[in-house]
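Each chain, written out:
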Amino acid sequence: MSLQSGLNALKQKRYQEAVELLEQFCRDCVEQDSSDYLSAQMWLMKAYQAIGEIEKAKMLCQKLMMSENPQARSWAEQASQTFRQTSATKSNAGQKAGRATTSGMKLAMGGVGGSLVLASGVTMTLLFGMVLALGLSLVFILGSNDPLQGLAIAIGFTLVFNIAAFFLSPFLMDLTQRWLYQTRWVELAEVEALSPETAKVIRQVCQQKNLKTPRLGIINDQNPTAFTYGSLPNSARLVVSQGLFTYLDDDEIATVYAHELGHIVHWDFAVMTVASTLVQICYLIYSTARRFGRGGDSKIKDAMQTAGLVAYVFYIIGTYLLLYLSRTREYFADHFAAESTGNPNGLSRALVKIAYGILEEGSRTQEPSRLIEGTRALGIYDHKAAASTGTAYRIASDTQKIGRVFLWDMFNPWGWWMELNSTHPLTGKRVRALSTYAEQLGLPTEFDMGRVIGEGKTLSKSRLYGNLFLDVVLYGAETIGFFVGLVMGVILWSSSPNTGLAIGAPFLGLGMGILVKALVMFPDYKQAPETDILTLMSDPYASPLRGQPAKLEGLLIGRGDAGYKFGSDLKIQDRSGMLYLHYASRFGPIGNFLFGMKRVQSLIGEQVGAVGWFRRGVAPWMDLIQLQSENGTIVNSYHRFWSFILGGGSIILGVVLIMLLNS
């Protein structure tokens, strides 16, 4: 793909074609510091403006303003004047929800996220209680001093190690940051040059809370993110990526910094460190009890096995308490940002734009971002949830379209389960909470969550929860089939001395369960409707288990496997967004590896039709069936293959056993 072909299309006012050609050239260009690459970026910005993609043009302009090439930087700075005028016009037209005239007003959370003190206190108390109960049980169970002494030494070592890690971790993280992401430590003045309001917020919060200014870092990565780490508030580090300044406006950047300052003010990293230490001790007691329960006196052995089981249950409960505490702290950091800036709408926009930025950057690279993957638990936003929100923002001309993708977050019961296993609340719930703060301040809300809630109340509850029940049954279909077959076999065997039925029936049930599950999870796709990614993501009834047949037209833009050079999954981009395509070979993991090694790279850049089963979890994806081009089918994927083999094989085995043992 030549640069000249893109320029010719632009000169002839074939703007959409110019965008596609120039984007392709930028993706294929290896040397991103070359003059051709920078020229392509400049002309691509002009092409975006011509087709009305002002946000994309603005972000590209901001990216060029950070270029090391002085000519590109000067050109971008001149072009930015146009965007400033456009932003002013947009603001005057009232298209952007406003903010409070003053900051610092107290905002009621209205039950959102619960109580931070209560969440921390209950979590810590329960975790301490679990550890104490397990410790005492082991003290009274064991008659020998050696195991007890070993356990005491192990717990002591764990405590000492975690205390040392608590105080040393900021310095270790500093080294890791510099090695992995080339974090650059900057003064407040540099942040002020990039975002004046951010510097104002930092000074204000630190003065009010009697804090030292955190050590400020910037990572030269266009994926927008922000995170905080440290041991004590006065030794905290607050790090953001360059993408934050590219994709967000000044007031939105300030709300993100305020959110991270909220984590510092609330001592979040200290509390999470202590809580995670207690969970580790639960696991340590479990592993110790299991080891000492393998031999010796039978009474002690049984008691130790019981203690090990209880410790493991406590460990699982502790893990979920830790996740709950993490989500609660995100809600309270959002609340702190809304109070300290008086701009909850700004943070709502920031969350959506961060999702959009992650999606945009993902569409420009063939490999997933190491920064976004590596800081998932620390970051302000879980990148797994970015696809749906970012897709909506990418093409939405009004906020109602964005709001519709939040229906799944707010009302699908699978959303609750996905959130239960996540460190971050679902985006829709965070935006809903921020909207209530805007209402308290007497402001119009950026996203009309009232309309979303109203539409959600009209959804069929029986369908939502009926689908969940069906999914749960479907998840255990093989086990249910096996036990139903076992029960039927025993009943038939008791009424007739047929050993074959008792042994073969469970295999029949198992095979039927596997086949039923495969047919429901992967239904008939021959009449798969043509649709787009945004429409799929706006379906509040979407399930992570029952696939929805669909056909998409789009461009294959890269691999979907994080950090895996030979990954077999792909990313497809259509006019409305980006989606991951999950490939499955008939030859299992070996076939996936060979496909990723030999075929994937040659497919990237192809315009294709993708047929598959759409699924929605925290991250939506499609299980691929076929990739089709103008020349016919170029890739087949076989998600049902092994289910049919195993299910059919189990049924055949059951029939053979019945016939052999009955003869």
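Just so it is clear, the structure is predicted and the values come from calculations on it, not from any experiment.

Participant: In this structure, what is going on with the overall build of the protein chain? I would like to understand it.
Facilitator: The helix and strand tally for the protein chain stands at 28 helices and 10 strands. Sorting the 663 residues of the protein chain into buried and exposed places 52% on the buried side. When contacts within the protein chain are restricted to residue pairs at least 6 apart in sequence, those whose partners lie at least 24 apart make up 72%.

Participant: Would you explain unusual backbone geometry in this entry?
Facilitator: Residues apart from glycine generally show negative phi values, whereas peptide bonds are mostly found in trans. Residue N210 is not a glycine yet carries a positive backbone phi of 55°. Positive phi, normally seen in glycine, also occurs at W267, with a value near 60°. Tracing the backbone shows W267 in the loop between α11 (250–265) and α12 (268–292). Owing to a relative accessible area of 42%, W267 belongs among the partly exposed residues under this scheme.

Participant: Help me understand helix α9 (residues 196–208), please; the structure alone is not making it clear to me.
Facilitator: Residue pairs spaced three or four apart in an α-helix point in one direction, given the helix's 3.6 residues per turn. With 13 residues, α9 should reach 18 Å at 1.5 Å per residue; the first-to-last C-alpha distance of 19 Å fits that figure. Taken together, the buried positions of α9 are E197, T198, A199, V201, I202, Q204, V205 and C206. Taken from the residues just after α9, N210 is the one with a positive phi, measuring 55°.

Participant: Please clarify how the side chain of K517 should be interpreted in this entry.
Facilitator: Along the polypeptide, K517 turns up in helix α24 (residues 499–521). A polar side-chain atom of K517 sits 3.2 Å from the main-chain carbonyl oxygen of Y475. Residue contacts for K517: discarding those within four places in its chain leaves L474, Y475, A477 and E478.

Participant: Sorry if this is basic, but what is going on with the pairing of strand β7 (residues 577–582) here?
Facilitator: Taken residue by residue, a regular strand's side chains alternate between the two faces of the sheet. The sheet contact formed by strand β6 (residues 570–574) and β7 spans 5 bridges and is antiparallel. From the neighbouring strand, K571 faces β7, where its bridge partner is Y580. Connecting the antiparallel pair β6 and β7 is a turn made up of 2 residues.

Participant: Teacher, can you tell me more about the packing of helix α22 (residues 461–475) against helix α23 (residues 477–495) here?
Facilitator: If you want to describe how two helices pack, look at the angle between their axes and the distance between the axes. Put simply, α22 and α23 touch, their axes get as near as 5 Å, and they point 65° apart. From α22, V473, L474 and Y475 reach across to α23, where they touch A477, E478 and I480.

Participant: What exactly am I supposed to notice about helix α20 (residues 427–440) here?
Facilitator: Its 14 residues give α20 an end-to-end C-alpha distance of 20 Å, which sits within 8% of 20 Å, the value for a rise of 1.5 Å per residue. Buried residues dominate α20, accounting for 10 of its 14 residues. Residues of α20 that are buried: T427, G428, R430, V431, A433, L434, S435, T436, Y437 and A438. Once α20 finishes, G442 follows within two positions and takes phi at roughly 75°, a positive value.

Participant: Hey, could you run me through the environment of W417 in this one?
Facilitator: Within the secondary structure, W417 sits in helix α19 (residues 413–420). Between the C-alpha atom of W417 and that of G617, which follows or precedes it by 200 residues, the distance is 9.5 Å.

Participant: Would you explain the environment of G390 in this entry?
Facilitator: If you trace the backbone, G390 turns up in helix α16 (residues 386–395). Accessibility expressed as a relative area gives 0% for G390, which makes it buried.

Participant: What is the right way to look at the confidence of the model for the protein chain in this model?
Facilitator: The predicted coordinates ought not to be read in detail in places where the model reports low pLDDT. In the predicted model, the protein chain carries a mean pLDDT of 79, and the fraction of residues at 70 or more is 78%. Strand β8 (residues 607–615) holds the highest mean pLDDT among the elements of the protein chain, 93, whereas helix α5 (residues 70–92) holds the lowest, 57. Predicted confidence is poor over residues 84–94, with pLDDT under 50, and the contacts of this stretch with residues over four places away or in other chains come to 4 contacts.

Participant: Sorry if this is basic, but what is going on with the pairing of strand β4 (residues 237–241) here?
Facilitator: Along β4, 5 of the 5 residues are buried, which leaves the element largely enclosed by surrounding structure. Of the two faces of β4, the one lined by R237, V239 and S241 and the one lined by L238 and V240 are each fully buried. Bridge count for strand β2 (residues 215–219) against β4 is 5 bridges, and the pairing is parallel. Counted as the bridge partner of R215 is R237 from β4. Relative to β4, strand β3 (residues 226–229) runs antiparallel, the two sharing 4 bridges. Looking at the pairing, T228 lines up with L238 of β4.

Participant: Explain the sheet that holds β4 here, please?
Facilitator: Ordered by their spatial adjacency, 4 strands build an open sheet running β1-β2-β4-β3, and the pairing between neighbours is mixed. Each having just a single partner strand, β1 (184–186) and β3 make up the two edges of the open sheet. On average, each strand axis in the sheet is inclined to that of its neighbour by 30°, with strand direction left out of account. α11 contacts β2, β3 and β4 of the sheet and is inclined by roughly 20° relative to β3.

Participant: What is the right way to look at the packing of aromatic side chains in this model?
Facilitator: The description of an aromatic ring pair uses the distance of the two centres, along with the angle that the planes make with each other. Inspection of every chain in the model, using the stated rule, returns 8 aromatic pairs. Note on F227 and Y229: the rings are 6.4 Å apart at their centroids and 25° apart in plane angle, and the pair reads as stacked. When its relative accessible area of 5% is taken as the criterion, Y229 is described as buried. For the pair F522 and W613, a centre-to-centre distance of 4.9 Å together with 65° between the ring planes defines the contact as edge-to-face. Of this pair, F522 sits in the loop between α24 and α25 (533–537) while W613 sits in strand β8, placing them 91 residues apart in sequence. W613 gets classed as buried once you look at its relative accessible area, which sits at 2%. Sitting over the ring of Y475, K517 keeps its end group 5.3 Å from the ring centre. The residue whose ring lies beneath R586 is Y638, and the NZ or CZ to ring-centre distance is 4.4 Å.

Participant: How do you make sense of the nonpolar core when you look at a structure like this?
Facilitator: Nonpolar side chains tend toward joint burial in soluble globular proteins. In terms of nonpolar packing, the biggest core is built from 103 residues, with L244, Y257, Y381, L581 and L627 touching the most fellow members. The residues contacting L627, other than those within four sequence positions of it, are L556, L570, L581, L603, V608, G609, A610, G632, T633, I634 and V635. Of all hydrophobic cores here, the second largest spans 25 residues; its members include L21, C29, Y48 and A76.

Participant: Sorry if this is basic, but what is going on with the pattern of salt bridges here?
Facilitator: A side chain of one charge can pair with a side chain of the opposite charge when the charged atoms of the two come close. Evaluation of the coordinates by the stated rule reveals 15 salt bridges. In this structure, the salt-bridge partner of D334 is R430, at a minimum N-O distance of 2.9 Å. With D334 in helix α13 (residues 298–341) and R430 in helix α20, the pair connects residues that are 96 residues apart, well separated along the chain. With respect to burial, D334 and R430 carry one shared label: buried. Bridged by salt links that share partners, the residues D249, D251, E252, R349, K353 and E446 form one connected network.

About the criteria used
Residues numbered from 1 in each chain as written. Predicted model: local features only at pLDDT ≥ 70, side-chain atom pairs only at ≥ 80, totals over all residues. Heavy atoms only, no water. Helix = DSSP H or I, 4+ residues; strand = E, 2+ residues; numbered from the N terminus. Buried < 20%, exposed > 50% of the residue type's maximum accessible area, 1.4 Å probe, protein only. Contact = heavy atoms within 4.5 Å. Expected span 1.5 Å × (residues − 1). Polar contact = N/O pair within 3.5 Å; in protein donor to acceptor, adjacent residues only side chain to side chain. Pairing = 2+ DSSP bridges. Axes fitted to C-alpha atoms, helices over the stretch in contact; angles between N-to-C directions. pLDDT = per-residue confidence, 0-100. Phe/Tyr/Trp six-rings, centres within 6.5 Å; stacked < 30°, edge-to-face > 60°. Lys NZ or Arg CZ within 6 Å of the ring centre and 35° of its normal. Core = buried A, V, L, I, M, F, W, Y, C linked by side-chain atoms within 4.5 Å. Salt bridge = Lys/Arg side-chain N within 4 Å of Asp/Glu carboxyl O.

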